[in-house]
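# Residue-level structural notes
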Amino acid sequence: MRAGTLTETPAGTGVRTRPQRPATRGRATAGAGRLAALLVSPTLLVLTVVVLYPTLMALKESLYGPKGLDPSTGFISDTEPFVGLRIYADIFGETGARFFNAFWNTTFFTVVTVSLETVIGVAMALIMHRAFRGRALVRAGILVPWAVPTAISGLLWRWIFNSDGVANALLGQQILWTTEGFHAKVAVIVAEVWKTAPFIGLLVLAGLQVIPKEVYEAARMDGARPVRQFWHITLPLVKPALLVAVLFRCMDALRMFDLPYILVGAQKHSVETLSMLAQNEASNVRFGPASAYAVILFLYVFLIALAFVRLLGTDLVGGGGGRRRRRTEVTA
């Protein structure tokens, strides 16, 4: 109980008033706030330099057109003309077919790869969590694909999906995986899932290892079968770690560039993503459209992350706190 002051009433009862707060508590709170701001300031500075400043510069660059002939004067312009939102209007207008194709490819790759990686990653985590002979070797083998650099992984799968590669030898068919068509999407999905499913498995494994064994022992004593234990014990308790893994993978998949670029190639209609489109525009010295594509991609990733945090924020932090109850103490 907190110490308070008692006031005598004519009836002889004492009523506890609000506790007297020391004057030092406000100074301690202010000092803790200053310490917190000091500790967070390096992170905020890095985010400002690495994220905020390039984003603002990209937004500014997207408002200017390319150098060239000025239609109003008929002379060659040495500076980039200000065009306002005309680039964005062209992107979302009739000339934005390439953008909408890249947007669809990005969304399709994100949904399919993250879904498959979640299922396979959970299965990997369950396997790595079991106690059996050679578990350390199995864990190392599962985590190797995630440790391989993406460029090396793309070259490896390009050799596998070659016309006379391992994939066609196993299927007994002659499929040109690295050309235009739906098979090119399949090649990218297989390579991406192979590489990044262990990442989800690693985070889910960390969540599995903090579940008390007594919970499973009690469930077995109640007659719960393994499938029922998974759906009613394992999955709910590992949900926060799984949601964090899915969030990270969604943000990473939306920025997919290097794997389809190396595996299939640039300017391929079937696998071109928003990152590849922005890079292609920048390499052709069209910095205005490239910056516009980069800004749109940034907003897309930001909205997806914001939706995760707003809709699943409680689960992402492992449960929400209860409401504070107001207590009034009256002593007779």
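See the structure printed just above.
Conventions used here
Residues numbered from 1 in each chain as written. Predicted model: local features only at pLDDT ≥ 70, side-chain atom pairs only at ≥ 80, totals over all residues. Heavy atoms only, no water. Helix = DSSP H or I, 4+ residues; strand = E, 2+ residues; numbered from the N terminus. Expected span 1.5 Å × (residues − 1). Bend = angle between axes of the 7 residues up to and from the residue. Buried < 20%, exposed > 50% of the residue type's maximum accessible area, 1.4 Å probe, protein only. Contact = heavy atoms within 4.5 Å. Salt bridge = Lys/Arg side-chain N within 4 Å of Asp/Glu carboxyl O. Core = buried A, V, L, I, M, F, W, Y, C linked by side-chain atoms within 4.5 Å. Phe/Tyr/Trp six-rings, centres within 6.5 Å; stacked < 30°, edge-to-face > 60°. Axes fitted to C-alpha atoms, helices over the stretch in contact; angles between N-to-C directions. Parallel < 35°, antiparallel > 145°, perpendicular 65-115°, else oblique. Left-handed = near helix turned anticlockwise from the far one by under 90°.

## A short note on helix H7 (residues 182-208)
In this model H7 runs 37 Å from its N-terminal to its C-terminal C-alpha over 27 residues, within 8% of the 39 Å that 1.5 Å per residue would give. Along its length, H7 shows its largest kink, about 35°, at Trp194, and proline Pro198 lies within four residues downstream of that point. Burial analysis of H7 places 19 of its 27 residues in the buried class, the great majority of the element.

## Topic: the side chain of Asn101
Of note, Asn101 is situated in helix H3 (residues 97-129). Looking at Asn101, the relative accessible area reads 12%, which means it is buried. Residues in contact with Asn101, not counting those within four places in the same chain, are His269 and Glu272.

## Examining the pattern of salt bridges
As a working rule, side chains carrying opposite charge can pair if their charged atoms are close by. Under the defined criterion, the tally for this structure stands at seven salt bridges. Notably, a salt bridge pairs Arg98 with Glu272, separated by 2.7 Å at the nearest N-O pair. Of the two residues, Arg98 sits in helix H3 while Glu272 sits in the loop between helix H10 (258-263) and helix H11 (274-283), which places them 174 residues apart along the sequence. In this structure Arg98 comes out as partly exposed when scored by relative accessible area, which is 30%. Among the residues examined, Glu272 registers a relative accessible area of 4% and is labelled buried. The residue Arg98 makes a salt bridge to Glu281 at a minimum N-O spacing of 3.6 Å. With Arg98 in helix H3 and Glu281 in helix H11, this residue pair connects regions lying 183 residues apart in the sequence. For Glu281, a relative accessible area of 7% corresponds to the buried category.

## As for helix H9 (residues 226-254)
Taking 1.5 Å per residue, 29 residues should reach 42 Å; H9 reaches only 35 Å between its end C-alpha atoms and comes up short. The sharpest bend along H9 measures roughly 60° and falls at Lys239, with the proline Pro240 sitting one to four residues further on.

## A word on the nonpolar core
Counting 44 residues, the largest nonpolar core has Phe109, Phe161, Val188, Val204 and Leu263 as the members making the most contacts within it. Looking at this core, the elements with two or more residues in it are H3, helix H5 (150-160), H7, helix H8 (213-221), H9, H10 and helix H12 (287-316). Formed by 18 residues, the second largest nonpolar core is a distinct cluster that contains Val83, Leu277, Ala278 and Ile296.

## Some details on unusual backbone geometry
We note that Gln267 has phi near 55°; this positive angle belongs to a residue other than glycine. As for its position among the elements, Gln267 is in the loop between H10 and H11. We classify Gln267 as exposed; its relative accessible area is 55%. Of note in the backbone geometry, Val285 takes a positive phi value of approximately 60° without being a glycine. Locating Val285 in the fold gives a position in the loop between H11 and H12.

## So, the packing of aromatic side chains
Applying the stated criterion to the full structure yields 16 aromatic pairs. Summarising the aromatic geometry, the rings of Trp104 and Phe108 are spaced 5.6 Å apart at their centres and angled 35° between planes, so their arrangement reads as tilted. With Trp104 and Phe108 both in helix H3 and four residues apart, the pair spans about one turn of that helix. Since its relative accessible area comes to 51%, Trp104 is described here as exposed. Classification of Phe108 as buried rests on a relative accessible area of 18%. Taken together through their ring pairs, the aromatic side chains of Phe92, Phe99, Phe100, Phe103, Tyr293 and Tyr300 make up a single cluster.

## Some points on the packing of H3 against helix H4 (residues 135-147)
Angle between the axes and distance between the axes: these two values describe a pair of packed helices. Relative orientation of the contacting elements H3 and H4 amounts to 155°, with a least axis distance of 9 Å. With respect to H4, the element H3 is oriented roughly antiparallel. With respect to the hand of their crossing, H3 and H4 are arranged in left-handed fashion. On the side of H3, the interface is formed by Met124, Ile127, Met128 and His129, while H4 contributes Arg135, Val138, Arg139 and Ile142.

## Points about the environment of Leu254
In this fold, Leu254 is placed in helix H9. We classify Leu254 as buried; its relative accessible area is 2%. Residues Leu254 and Ser275, 21 residues apart in the sequence, show an inter-C-alpha distance of 8.5 Å. Those residues in contact with Leu254, other than ones at most four positions away along the chain, are Thr106, Thr110, Ser275, Leu297, Tyr300, Val301 and Ile304.

Shape is all these values report; function is a separate question.
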